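Structural features, examined
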Amino acid sequence: MSTEKLPSRSENFAEWYNQLVVRAELADYAPVRGCMVVRPYGWALWENIQQALDRRFKATGHVNAAFPLFIPMSFLEKEKQHVEGFSPELAVVTIGGGEKLEEPLVVRPTSETIVGAMYSKWIKSYRDLPVLINQWGNVVRWEMRTKLFLRTLEFYWQEGHTAHATSQEAEEETLRMLDAYADFAVNDGAVPVVPGRKSNAEKFAGAVDSYTIEAMMGDTRALQSGTSHFLGQNFAKAFDIKFLDKQNELQYAWTTSWGLSTRFVGAIIMTHGDDKGLVLPPKLAPIQIVIVPIYRNDEEKSRVMPMVEWVQRELNPFRVHADTREELTPGFKYNDWELRGVPLRIEIGPKDVEKGTAAFARRDILGKAGKSFVPADQLAAQVAEMLQTIQASMYEKALAFRENNTHTPKNYAELKEIIQNGWALTWWCGSSDCENKIKEETKATTRCIPLDQPAGTGACIYCGSTSKEKVIFARSY
Ligand SMILES: [Zn+2]
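Residues numbered from 1 in each chain as written. Predicted model: local features only at pLDDT ≥ 70, side-chain atom pairs only at ≥ 80, totals over all residues. Heavy atoms only, no water.

**A word on the overall build of the chain**
A tally of helices and strands in the chain yields 14 helices and 25 strands. Here the C-alpha radius of gyration of the chain, 25 Å, is about what a compact globule of 477 residues would show, namely 23 Å. When the backbone C-alpha atoms are referred to their principal axes, the chain occupies close to 80 × 60 × 45 Å. Relative to all contacts within the chain whose residues are 6 or more apart in sequence, the contacts with residues 24 or more apart total 69%. Total accessible area on the chain stands at roughly 21700 Å², and carbon and sulfur atoms take up 50% of it. Put simply, the chain has 56 plus and 61 minus side-chain charges, and the middle of one group is 2 Å from the middle of the other. (Helix = DSSP H or I, 4+ residues; strand = E, 2+ residues; numbered from the N terminus. Rg over C-alpha atoms; globule rule 2.2 N^0.38 Å. Contact = heavy atoms within 4.5 Å. Areas by Shrake-Rupley, 256 points an atom, 1.4 Å probe, with all protein chains shown as cover. Lys, Arg positive; Asp, Glu negative; His and termini not counted. Charge placed at Lys NZ, Arg CZ, Asp CG, Glu CD.)

Put into structure tokens, the structure is as follows:
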């Protein structure tokens, strides 16, 4: 615990983020370069994310399973683009039990290959389809430049892997899961996202089409927050996933994969946080309400504490914590819970006991504007309503920020200016030449081609040729 002030978010966003993650005890640096330790508070947040997603996966017919951490090197080599894409970041095991292995084992960077190998064994007939499996686990990608939650050597995620009888079904699945991610981000994370398709250069290694939800962080950079891939028959052909169709003819299956990781914790921090610390959305916050008792002496304490205990019981269905630490002042506790982003604080002092009221203090609106007093006999209902209000207003605020910082450039010079501090939504001809030149000259990449497109056509912002789609250019994490 530290009383030192955080670096200013507006002046030094990167340092604000790095210090906040550690000081709010979400995660810490591991002894191994580029690895993180997720601390209990951060893990509790991740568990709430997991539950919110898992609910959606089950509701759409998926089941969970677990595949091995090790993948034979030869599996990765079976899909050419896949191995090219992942080779530079593989961790490879060559010795096991003191002996050199006959075949090196890769620590999974993602599991399409090993899942594909198993699906080829399990899928024989159209009756076996679709297969809708998800796994919760960890993966390893040997990243050079790392940042807690956003890019670490090892991270936690879920990866869905599905197989279907037709291309159409697989494409529908890809978009269904993209929609599940968007619904989760918006409704549980209060993080506005733009669902869209990745350009060829930005898509997953081995995919036919990759889709993403892109979110704007508090410094206007983009964060890819979840992805869903239509893999066509690429992995089915590489791993021989074949089935007999209704006409008794042998067909390759169509597959998808989709993932969302602990990166999303970073999205929550960078979307909502402020100079005082985290601001967590009520639906995902490990602690939704903290009760801080206020008293100056034992006599006051003896009157205040029974009400604190009563309030805690009354709010039982919520994730509630009473901060009864003796040695700390209320002011210190306020700062501490503000740093940790607890959405609602309830202060209870001798006057509140007398009047039968409790004081609410919102985390998303600090100071007087976020304060209110509620009658104790309506507490649970008022808390429920307040948490909903906070959740909704966090989303509105983040959405307004994104809209205020998304612009349509009239020409290339304007695009260059916009991406210094925002997103540029613009016509693009689709050629990787234009995309690469813009990337070289501005460091902005195509984030996604939004699913929601305007009617008509326009001129490519770089080459001027007729373009059918608009794309978002932005600097990204
Ligand atoms: Zn162009």
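**Some points on the nonpolar core**
One finds Leu26, Ile49, Phe149, Phe264 and Ile269 to be the most contacted residues of the largest nonpolar core, which totals 55 residues. Setting aside residues no more than four positions away along its own chain, phenylalanine 264 makes contact with Ile49, Phe184, Ala185, Gly189, Val191 and Ser225. Counting 28 residues, the second-largest nonpolar core is a separate cluster that includes Ile71, Ile114, Ala205 and Ala236. (Core = buried A, V, L, I, M, F, W, Y, C linked by side-chain atoms within 4.5 Å. Buried < 20%, exposed > 50% of the residue type's maximum accessible area, 1.4 Å probe, protein only.)

**Points about the environment of leucine 90**
Topologically, leucine 90 is positioned in the loop between helix H4 (80–86) and strand E5 (91–96). Since its relative accessible area comes to 15%, leucine 90 is described here as buried. Leucine 90 sits 18 residues away from arginine 108 along the chain, and the two C-alpha atoms are 8.0 Å apart.

**Focus: the packing of helix H1 (residues 13–23) against helix H8 (residues 263–272)**
For the pair H1 and H8, the least separation of the axes is 11 Å and the interaxial angle reads 120 degrees. When the axis of H1 is compared with that of H8, the two are oblique. Remark: the crossing between H1 and H8 carries right-handed chirality. Between H1, through Phe13, Trp16, Tyr17, Leu20 and Val21, and H8, the contact on the second element is made entirely by Gly266, Ile269 and Met270. Split into classes, the residues belonging to the contact of H1 with H8 amount to seven nonpolar, one polar and no charged. (Axes fitted to C-alpha atoms, helices over the stretch in contact; angles between N-to-C directions. Parallel < 35°, antiparallel > 145°, perpendicular 65-115°, else oblique. Left-handed = near helix turned anticlockwise from the far one by under 90°. Nonpolar A, V, L, I, M, F, W, Y, C, P; charged D, E, K, R; others polar.)

**Some details on the packing of helix H2 (residues 40–59) against helix H6 (residues 167–187)**
Following both chains from N to C, one finds H2 and H6 inclined at 140 degrees, their axes separated by 10 Å at the closest point. Classed by the angle they form, the pair H2 and H6 counts as oblique. Both H2 and H6 take part in a crossing whose hand is right-handed. Taking contact as the criterion, the partners of Ile49, Ala52, Leu53, Arg56 and Phe57 in H2 are, on H6, Met177, Ala180, Tyr181, Asp183, Phe184 and Asn187. Class assignment for the residues of the contact of H2 with H6 results in eight nonpolar, one polar and two charged.

**With respect to the pattern of salt bridges**
Taken as a whole and assessed by the stated rule, the structure comprises 28 salt bridges. Taking the shortest distance from any N to any O, the salt bridge between lysine 58 and aspartate 54 comes out at 2.5 Å. Here the residue lysine 58 and the residue aspartate 54 both occupy positions in helix H2, the gap between them amounting to four residues, near one helical turn. Given the relative accessible area of 14%, aspartate 54 is considered buried. By sharing partners, the salt bridges in this structure join Glu25, Asp323, Arg325, Lys333, Asp336 and Arg340 into a single network. (Salt bridge = Lys/Arg side-chain N within 4 Å of Asp/Glu carboxyl O.)

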